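What follows is each chain in one-letter form.
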Amino acid sequence: QVQLVESGGGEVQAGGSLRLSCAASGSIFRVNAMGWHRQAPGKERELVTSITSSGSTNYADSVKGRFTISRDNAKNTMYLQMNNLKPEDTAVYYCNYVVQATWWSNWGDYWGQGTQVTVSS
């Protein structure tokens, strides 16, 4: 099994910054893509940003220029640096890994428990 543990959420004022972390543990043979998603109250979960095994990144238009995704392959940890936060960034943020647990396993989709980010105006 693969476990993802998120940390770094909290409450900040508009214009502030937060850094989220997502650490993976358990049976991990290879990690493919990783991503951060968020879900605001009353809205569907949306992809915020993703990063491939080769380091290629993708960002939602709403966060381009403000958020930066990165990964530390040695630590199986992913980060999301969020700058110039806006009230509309308020949501529960979830990390997601696509992992092959063993060399004979299929790729699996794993999710963190979610961490609340609240941005006040």
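So, how was this worked out
- Residues numbered from 1 in each chain as written.
- Predicted model: local features only at pLDDT ≥ 70, side-chain atom pairs only at ≥ 80, totals over all residues.
- Heavy atoms only, no water.
- Helix = DSSP H or I, 4+ residues; strand = E, 2+ residues; numbered from the N terminus.
- Rg over C-alpha atoms; globule rule 2.2 N^0.38 Å.
- Buried < 20%, exposed > 50% of the residue type's maximum accessible area, 1.4 Å probe, protein only.
- Contact = heavy atoms within 4.5 Å.
- Areas by Shrake-Rupley, 256 points an atom, 1.4 Å probe, with all protein chains shown as cover.
- Phe/Tyr/Trp six-rings, centres within 6.5 Å; stacked < 30°, edge-to-face > 60°.
- Lys NZ or Arg CZ within 6 Å of the ring centre and 35° of its normal.
- Patch = residues over 30% accessible without salt bridge, like charges linked within 9 Å, V, L, I, M, F, W, Y side chains within 5 Å.
- Salt bridge = Lys/Arg side-chain N within 4 Å of Asp/Glu carboxyl O.
- Polar contact = N/O pair within 3.5 Å; in protein donor to acceptor, adjacent residues only side chain to side chain.
- Disulfide = S-S within 2.5 Å.

A. Region of the structure containing the overall build of the protein chain. In terms of helices and strands, the protein chain carries zero helices and 11 strands. Ordered by position from the N terminus, the helices and strands of the protein chain form the series β-β-β-β-β-β-β-β-β-β-β. Computed over the C-alpha atoms, the radius of gyration of the protein chain is 14 Å, within 12% of the 14 Å expected from 2.2 N^0.38 for a compact globule of 121 residues. With respect to the principal axes defined by its C-alpha atoms, the protein chain has extents near 50 × 25 × 25 Å. The 121 residues of the protein chain split such that 43% are buried. Across the protein chain, the fraction of contacts at a sequence separation of at least 24, relative to all contacts at a separation of at least 6, is 55%. Of the roughly 6400 Å² of accessible surface on the protein chain, 47% is carried by carbon and sulfur atoms.

B. Molecular detail of the packing of aromatic side chains. All chains considered together, the criterion is met by one aromatic pair. The interplanar angle of 90° and the centroid separation of 5.6 Å between the aromatic rings of W103 and W104 together place this pair among those described as edge-to-face. The exposure class of W103 is exposed, given its relative accessible area of 63%. A relative accessible area of 61% places W104 in the exposed class. Across from the ring centre of Y79, 4.1 Å away, lies the NZ or CZ of R19, which sits over that ring. Against the face of Y94 rests R45, its NZ or CZ located 3.7 Å from the ring centre.

C. Seen up close, a nonpolar patch on the surface. On the surface, F29, W103 and W104 cluster together into a nonpolar patch covering about 460 Å² of accessible area. By the element assignment, F29 lies in the loop between β3 (18-26) and β4 (30-39). Of the residues examined, F29 reaches a relative accessible area of 46% and is grouped as partly exposed.

D. The side chain of N96, seen in detail. For N96, the location among the structural elements is in strand β9 (residues 91-100). A relative accessible area of 9% means that N96 is categorised as buried. Of the polar contacts made by the side chain of N96, one reaches the side chain of D109; its length is 2.8 Å. Excluding residues that lie within four positions of it along the chain, N96 makes contacts with L4, A33, M34, G35, H37, M78, D109, Y110 and W111.

E. Expanded view of the state of the cysteines. With the rule as written, the count across this model stands at one disulfide. Here C22 connects covalently by a disulfide to C95, the sulfurs 2.0 Å from one another. The sign of the S-S torsion, about 55°, decides the handedness of the disulfide formed by C22 and C95: right-handed. Of this pair, C22 sits in strand β3 while C95 sits in strand β9; the two residues are 73 residues apart in sequence, bridging distant segments of the chain. Assigned by exposure class, C22 and C95 land together as buried.

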